[in-house]
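Chain and residue survey
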Amino acid sequence: MAKQRISLVGVPVDICSPQDLESEILELLAKPGTKQIVFLSIWNLLRARRKNAYAECIRKADLIIPVSRSILSGAKFLHLSAVTRMNPFHTVINILSVLDAHFKSLYILGGHKKSLSIAERNVRSTFPGLQLVGRYRGYFSQQMESNIVQAIYKASPSLVLLSDGVKEKDCWPYNRRNRFSSSIFLYYKDAIGIFSDTKKRIKDSVFEHGNEIWLEIVHNPLKIFLIFPYIWYILLLIWYKIFKK
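This section reports on the structure supplied with the text.

Reading the values: rules and limits
Residues numbered from 1 in each chain as written. Predicted model: local features only at pLDDT ≥ 70, side-chain atom pairs only at ≥ 80, totals over all residues. Heavy atoms only, no water. Phe/Tyr/Trp six-rings, centres within 6.5 Å; stacked < 30°, edge-to-face > 60°. Helix = DSSP H or I, 4+ residues; strand = E, 2+ residues; numbered from the N terminus. Buried < 20%, exposed > 50% of the residue type's maximum accessible area, 1.4 Å probe, protein only. Lys NZ or Arg CZ within 6 Å of the ring centre and 35° of its normal. Axes fitted to C-alpha atoms, helices over the stretch in contact; angles between N-to-C directions. Parallel < 35°, antiparallel > 145°, perpendicular 65-115°, else oblique. Left-handed = near helix turned anticlockwise from the far one by under 90°. Contact = heavy atoms within 4.5 Å. Nonpolar A, V, L, I, M, F, W, Y, C, P; charged D, E, K, R; others polar. Expected span 1.5 Å × (residues − 1). Arc of directions from axis to C-beta. Lys, Arg positive; Asp, Glu negative; His and termini not counted. Salt bridge = Lys/Arg side-chain N within 4 Å of Asp/Glu carboxyl O.

Looking at the packing of aromatic side chains
- Within this structure, the stated rule accounts for eight aromatic pairs.
- An angle of 70° between the planes, with centres 6.3 Å apart, marks the rings of Phe140 and Trp172 as edge-to-face. Of this pair, Phe140 sits in the loop between strand S6 (131-136) and helix H7 (142-155) while Trp172 sits in helix H8 (residues 171-175); the two residues are 32 residues apart in sequence, bridging distant segments of the chain. Pair check on accessibility: Phe140 and Trp172 agree, each one buried.
- Aromatic pair Tyr230 and Tyr233: ring centres 6.3 Å apart, planes at 45°, arrangement tilted. Taken together, the residues Tyr230 and Tyr233, both in helix H12 (residues 227-243) and three residues apart, mark about one turn of the helix.
- Overall, the relative accessible area of 1% leaves Tyr233 in the buried class.
- Taking NZ or CZ as reference, Arg47 lies 4.0 Å from the ring centre of Tyr54, over its face.
- The cationic tip of Arg85 hangs over the ring face of Phe207; the distance from NZ or CZ to the ring centre is 3.7 Å.

Comments concerning the packing of helix H4 (residues 69-77) against H12
- As a packed pair, H4 and H12 sit with axes 10 Å apart at the nearest point and diverge in direction by 20°. Classified by the angle their axes make, H4 and H12 are roughly parallel. By crossing handedness, the relation of H4 to H12 is classed as right-handed. Contacts between H4 and H12 pair Ser70, Ile71, Gly74 and Phe77 from the former with Tyr230, Tyr233, Leu237, Ile238 and Lys241 from the latter.
- Taken together, the residues of the contact of H4 with H12 sort by class into six nonpolar, two polar and one charged.

Quick look at H12
- With 17 residues, H12 should reach 24 Å at 1.5 Å per residue; the first-to-last C-alpha distance of 24 Å fits that figure.
- Of the residues making up H12, those classed as buried are Tyr233, Leu236, Leu237 and Tyr240. Considered in projection along H12, the buried side chains sweep an arc of 100° and stay on one side of the axis. Among the exposed residues of H12, those oriented more than 90 degrees off its buried face are Phe228, Ile242 and Phe243.
- Packed against the buried residues of H12 are strand S1 (4-8), helix H2 (42-47) and H4.

Things to note about the environment of Lys203
- As for its placement among the helices and strands, Lys203 is situated in the loop between helix H9 (191-195) and helix H10 (204-208).
- Through-space distance from the C-alpha of Lys203 to that of Arg49 is 30 Å; in sequence the pair is 154 residues apart.

Let's talk about the side chain of Lys35
- In this fold, Lys35 is placed in strand S3 (residues 35-40).
- Put simply, Lys35 is tucked away with no salt bridge, and the nearest opposite charge, on Asp62, sits 7.6 Å away.
- Not counting residues up to four positions away in its chain, the partners in contact with Lys35 are Leu28, Leu29, Asp62, Ser182, Ser183, Ile184 and Phe185.

Re unusual backbone geometry
- A positive phi angle, near 55°, is found at Lys169, a position not held by glycine.
- Not every positive phi belongs to a glycine, and Asp197 is a case in point at roughly 60°.

Some words on the side chain of Thr91
- Checked against the element boundaries, Thr91 lands in helix H5 (residues 88-101).
- Excluding residues that lie within four positions of it along the chain, Thr91 makes contacts with Leu21, Phe39, Ile65 and Met86.

All we've got here are geometric facts, nothing functional implied.
Below, the structure written as structure tokens:
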């Protein structure tokens, strides 16, 4: 079943089940040019409502995967089509598995030098059919960027996996989309940390109950102030419910 795109408080969200992910990835691989998959949290959804580069990046993305439980409840509240939420870690693993099964290629960009090296080794051993055509650490200088872009262009990997240390995050590939040949780009901040065993991923039970925000607050108490944009999201839903039927 092909993905369905809905609009939630003015922001596009795709409905794609994990079972349909393989066909979606293969369809993207067959498309020419630069493609992009984005993970959409509730905070990024609110950010995408503004008129900025990120909002344009989201609108032009080929696959927008919701990762916040609040997006599901918001779609249900507005009587939109049921949205499928995906765990970013499992989704990345599933995508790599699809590429591995079809002997596709991967370029990794991000992380520190040591963690990137460990992550590369672990990816090679886990996905033997996946060809790693290049890697470069994150936190790179602006002078090095043109070399990185050129390397990705020449390698033309099936997927470029972006992680921590890429300043513009999702917007990095979008802002340079005309300088690449034909690749899918996906930003997942924790990829290198998890693959190198230097960072623990969120437990499945925590994610399934939508409690990952409490872990973030424990690590950074200032995130308690995210309650204010969340209240704004609730007000937006009510406004759309009343006036946007």
